[in-house]
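Structural overview
This is what each chain is made of:
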There are 2 protein chains.
Amino acid sequence: MDKEELERLLADKKSKDLPYTRILSSMCTYPHEVAVHAHEMFIESNIGDSGLFKGTKEMEDEVIAIIGELMGNSNAYGYITTGGTESNIQAIRAIRNSKRREGLCDMNIIVPETAHFSFDKIADILCIEVRKAGVDHQLRVDPESVKELMDERTICMVGIAGTTEFGQVDPIEELSEIAKDERIFLHVDAAFGGFVIPFLADRDKYKFDFTLEGVSSISIDPHKMGMSTIPAGCILFREESYLKELAVSTPYLTTKEQYSLTGTRSGASVAATFAVLKYLGKDGLKKVVDRCMSLTGLMVDGAKQMGIEPVIEPVMNVVTLRVNDVNGVVEALRAKGWEVSTTRSPEALRMVIMPHVTEEMVKSFLEALNEVVR
Amino acid sequence: MDKEELERLLADKKSKDLPYTRILSSMCTYPHEVAVHAHEMFIESNIGDSGLFKGTKEMEDEVIAIIGELMGNSNAYGYITTGGTESNIQAIRAIRNSKRREGLCDMNIIVPETAHFSFDKIADILCIEVRKAGVDHQLRVDPESVKELMDERTICMVGIAGTTEFGQVDPIEELSEIAKDERIFLHVDAAFGGFVIPFLADRDKYKFDFTLEGVSSISIDPHKMGMSTIPAGCILFREESYLKELAVSTPYLTTKEQYSLTGTRSGASVAATFAVLKYLGKDGLKKVVDRCMSLTGLMVDGAKQMGIEPVIEPVMNVVTLRVNDVNGVVEALRAKGWEVSTTRSPEALRMVIMPHVTEEMVKSFLEALNEVVR
């Protein structure tokens, strides 16, 4: 096939992908222009063989320090993963391996019932039981429920800082206290919230990071609110020993061992993450969050004016609305060109106000919603 | 930081990465220009939420059919992974889950002792024992050794079509016969060889794909000899039921379930793989392999003229040379600007003749080698 024919074919495929300007259902967005530029510049870099790509490796080390500092610990240990699922797998695998060496078997972890579906995948992969703790009326995990599920085979509690469905933050300060009392590993899934909560006006209400002594590890995704390119997740451990639990020796590479789940690994996404963090800095990241939160407020207020109430007052840039016949509304909105998603319990419409969302989009969406629910 | 400062910083990091023109140790290479173009065009696409990116999904389906056909089965079931490690994890996980549902525990798999280090990682992750079978004098797995290691808890045999260290191909036809006799799952790791062997002049000597009835699954990496962008691996199963073993239900996405290890997943790499396969076609892929094999011959002949013998006559584009003081030679070559790697057993110099290698590079490398070993 010649290049012209290929170009036509790619353009045809592209036309079948939705632009993010119609998408309110996703935690992904257009990567920042500096991310795209850096990604292209390092497109061939394989950070999995970091002795060959020492510049990329320096960027990864700097990114880990920057994100660590954002998470309250500039000496955290970790690496850039393929995303939240790998980060969560690796956190649970690290504590599992540590306990397995002590002779423990039939282990379990406790996650909120609002945890991301990846924890079911992780249970399957790692041969671990996942117990699901109940939540309060604000859809935050109930620490009492967590304690009730705990037994001598519980190796880890998980708290969510920004639930996928509701954008809610678990009471991680309380989980941290339990973690300290019970000497149990506490993993915080901040895949979505990690780049949001530190920039909220009322962030002190939502402590979730390494400044809490009981927090052992954190997942945070640059390819979500960090506006980096896919694949870019990040796993951070407070203690190096847990990262070491993941080590596999790597003959025929330029490094002696590797901690990542994958072997060959995108250096381009590392460069992209580095570029966004350096270019935006904390001030720039805060502006992104401020804008998303302002549009979140606009959407919720608009919905309330129609008599539609949110399931919870948004903590971050996720809007969930109580409507009748949720699936019917989703289909009707789709017919009008809007992609939204739903929550399960309670059933509601769900919109994520990512950086690609504009005021015009919110207003136009509200008009469509008004027509649909009338 | 402003854009100019960022640009200088990125350029500084880039200058510390080695260009592939100095690298003979890696199974990665510059992605093809059409891969880079397609990657950029679909940079924001998340194939993990494929209902939003239907054009990308169409490309993935076509890629699976094209690679399946190349592997002797255009009706194979699979998806584009992050690379060989994920593909191998998923193959072993599929058969493990199937056997676990039958009540089996303490399972084991048998891999050649020449298998990629990712199988040690997989054993750790999936809680499975990995048994390592011996190899013959040509460094191909010994089917008798495989049979001796087998017991009632053996759920899978692995054959390698293109070993990482020597580029050797296991006698997969014989493994396939054992697989049929013993009714056991046979996974073929063709991460490297999958895009090489079908284009070799003597390919009939190296049967390894779904045309062998006993082969259950194949890993093959577009981001190695397929000249796609990182991350692009591929797992293929003969039977859909094994893919289904990997299913996790996915609320709040546009699809009902997901088979991949990761959640968010690069659509850009899918587009890149699609572009290379469409643009080059089988003829183009064969030309790439022809050229690599010709340069492989040039390097081995040049070494022989210096009195240096290869460990095995190259089957594919991997050259291993017997030299004294291997690590000293590696360091001396590095001082001359060449990155090569080593094999473990026997110890030898190892060079991979990827598509970025030119005749000038081979000649210049041979001169350096001559000076070093003299």
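Analysis parameters
- Residues numbered from 1 in each chain as written.
- Chains lettered and ligands numbered in written order.
- Predicted model: local features only at pLDDT ≥ 70, side-chain atom pairs only at ≥ 80, totals over all residues.
- Heavy atoms only, no water.
- Pairing = 2+ DSSP bridges.
- Helix = DSSP H or I, 4+ residues; strand = E, 2+ residues; numbered from the N terminus.
- Axes fitted to C-alpha atoms, helices over the stretch in contact; angles between N-to-C directions.
- Contact = heavy atoms within 4.5 Å.
- Buried area = accessible area lost by both parts, 1.4 Å probe.
- Salt bridge = Lys/Arg side-chain N within 4 Å of Asp/Glu carboxyl O.
- Left-handed = near helix turned anticlockwise from the far one by under 90°.
- Nonpolar A, V, L, I, M, F, W, Y, C, P; charged D, E, K, R; others polar.
- Domains from an automatic or database assignment.
- Polar contact = N/O pair within 3.5 Å; in protein donor to acceptor, adjacent residues only side chain to side chain.

1. Quick notes on the sheet that holds strand β7 (residues 233-237) of chain B
Residues and elements named next belong to chain B. Reading across from one edge, β1-β7-β6-β5-β4-β2-β3 is the order of the 7 strands in this open sheet, with mixed pairing throughout. The two strands at the open ends of the sheet, each matched to only one other strand, are β1 (77-81) and β3 (129-133). Geometrically, the sheet is characterised by an average inter-axis angle of 20° between neighbouring strands, direction not taken into account. Inspection of the sheet shows strand β2 (residues 108-112) paired to β3 by 5 bridges, in the parallel sense. Bridging across to β3, Ile110 finds its partner in Arg131. Across the sheet, helix α3 (residues 54-70) is in contact with β1 and β7; its angle to β1 comes to roughly 110°. The strands touched by helix α4 (residues 84-101) within the sheet are β1, β2, β4 (154-160), β5 (185-189), β6 (217-219) and β7, with β7 carrying the most contacts at an inclination of about 30°.

2. Regarding the interface of chain B and chain A
On the side of chain A, 88 residues touch chain B, which itself brings 88 residues to the contact. Carbon and sulfur atoms make up 63% of the area that chain B and chain A hide from each other, which totals about 7500 Å². Counting the surface chain B buries against chain A, the share from its top three residues, Leu52(B), Phe117(B) and Tyr252(B), is 11%. Where chain B packs against chain A, one counts 16 salt bridges. The shortest N-O distance in the salt bridge between Lys3(B) and Glu33(A) comes to 2.9 Å.

3. Brief notes about the packing of helix α1 (residues 3-16) of chain A against helix α9 (residues 267-305) of chain B
Across the interface, α1(A) lies against α9(B) with an axial gap of 10 Å and an inter-helix angle of 145°. In this structure, α1(A) meets α9(B) at a crossing whose hand is right-handed. Along the contact surface, α1(A) presents Lys3(A), Leu6(A), Leu9(A), Leu10(A) and Lys13(A), while α9(B) presents Phe274(B), Ala275(B), Lys278(B) and Tyr279(B). Considered class by class, the residues forming the contact of α1(A) with α9(B) number 6 nonpolar, no polar and 3 charged.

4. Observations regarding the domain arrangement of chain A
All names here are of chain A. In terms of domains, chain A is made up of domain 1 (3-31 + 281-373) and domain 2 (33-278). A C-alpha centroid distance of 26 Å is found between domain 1 and domain 2. The interface of domain 1 with domain 2 comprises 30 residues on the first partner and 35 residues on the second. Interface area, domain 1 with domain 2, both sides summed: about 2700 Å², of which 69% is carbon and sulfur. Among the residues of domain 1 in contact with domain 2, Met27, Pro31 and Met316 are the three that bury the most area, contributing 25% of the side total. The interface formed by domain 1 and domain 2 includes 2 salt bridges. Notably, a salt bridge pairs Lys282 with Glu69, separated by 3.4 Å at the nearest N-O pair. The tally of links from domain 1 across to domain 2 stands at 4 residue pairs in polar contact (both at pLDDT 80 or more). With 9 residues, helix α9 (residues 267-305) is the single largest residue contributor to the side of domain 1 that touches domain 2. Here the residues of the side of domain 1 that touches domain 2 are counted per class, giving 18 nonpolar, 7 polar and 5 charged.

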